[in-house]
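Read off the chains here:
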Amino acid sequence: MASGVTVNDDVIKVFNDMKVRKSSTPEEIKKRKKAVLFCLSDDKKQIIVEETKQILVGDIGDTVEDPYTSFVKLLPLNDCRYALYDATYETKESKKEDLVFIFWAPESAPLKSKMIYASSKDAIKKKFTGIKHEWQVNGLDDIKDRSTLGEKLGGNVVVSLEGKPL
């Protein structure tokens, strides 16, 4: 069931910037988003970028020690969100980077919020072409352990995530 919610152009721009890995200067790479949250606008008509809820590649090693843990801390405990997380991981064979689309719908979120986010998910997903990994998370227990994301990315072949062994 569609909710009639539209996706703000900034959301699409953020997605395209995260998806395209063009060769960039070190300064441009630092500005690239590692993780970003999207929320509904106050009038519940648009999906927008949640400006203060993001991690830039340049923050890692500076203000952000572990991007995965920092990302989990951005998620609101009592409301839903959509998120993009640029996962860097290793399998036994190679290093990989993949965007993961996350639908955060904690048990403690209000029912109305869960319903509108669930019914609007297709609107944002349609704009995010080429996403290989989608993950619905219903609480901190599902997401706080990085090995759960490792399993989503490649099952038991993933040996590390963000440089940390699983």
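Quantities reported herein were computed from a predicted structural model and do not represent experimental measurements.

Below, the discussion takes up the pairing of strand β3 (residues 46–56). Regular strands have side chains that alternate between both faces of the sheet. One ladder, built from two bridges, connects strand β1 (residues 6–7) with β3; its direction is parallel. Note that in β3 the partner of Thr6 across the bridge is Gln46. With six bridges joining them, strand β2 (residues 33–40) and β3 adopt antiparallel strand pairing. Looking at the pairing, Phe38 lines up with Val49 of β3. The hairpin formed by β2 and β3 contains five residues between the paired strands, and Lys44 there has a positive phi angle of roughly 60°.

Our focus in this paragraph is the confidence of the model for the chain. Chain-level pLDDT for the chain is 93 on average; 98% of the residues reach the 70-or-more range. Ranking the elements of the chain by mean pLDDT puts helix α2 (residues 26–31) last, at 86, and β1 first, at 98.

Phe38, Ile47 and Ile124 are the most contacted members of the largest nonpolar core, which has 24 residues in total. Sorting the residues of this core by element identifies α1 (9–19), β2, β3, β4 (81–91), β5 (95–104) and α4 (111–127) as the ones contributing at least two each. The residues contacting Ile47, other than those within four sequence positions of it, are Val5, Thr6, Val7, Asn8, Val11, Phe38, Cys39, Leu40, Tyr82, Ser120 and Ile124. Residues Val100, Trp104, Trp135 and Leu161 belong to the second largest nonpolar core, which totals 23 residues.

So, how was this worked out
Residues numbered from 1 in each chain as written. Predicted model: local features only at pLDDT ≥ 70, side-chain atom pairs only at ≥ 80, totals over all residues. Heavy atoms only, no water. Pairing = 2+ DSSP bridges. Helix = DSSP H or I, 4+ residues; strand = E, 2+ residues; numbered from the N terminus. pLDDT = per-residue confidence, 0-100. Core = buried A, V, L, I, M, F, W, Y, C linked by side-chain atoms within 4.5 Å. Buried < 20%, exposed > 50% of the residue type's maximum accessible area, 1.4 Å probe, protein only. Contact = heavy atoms within 4.5 Å.

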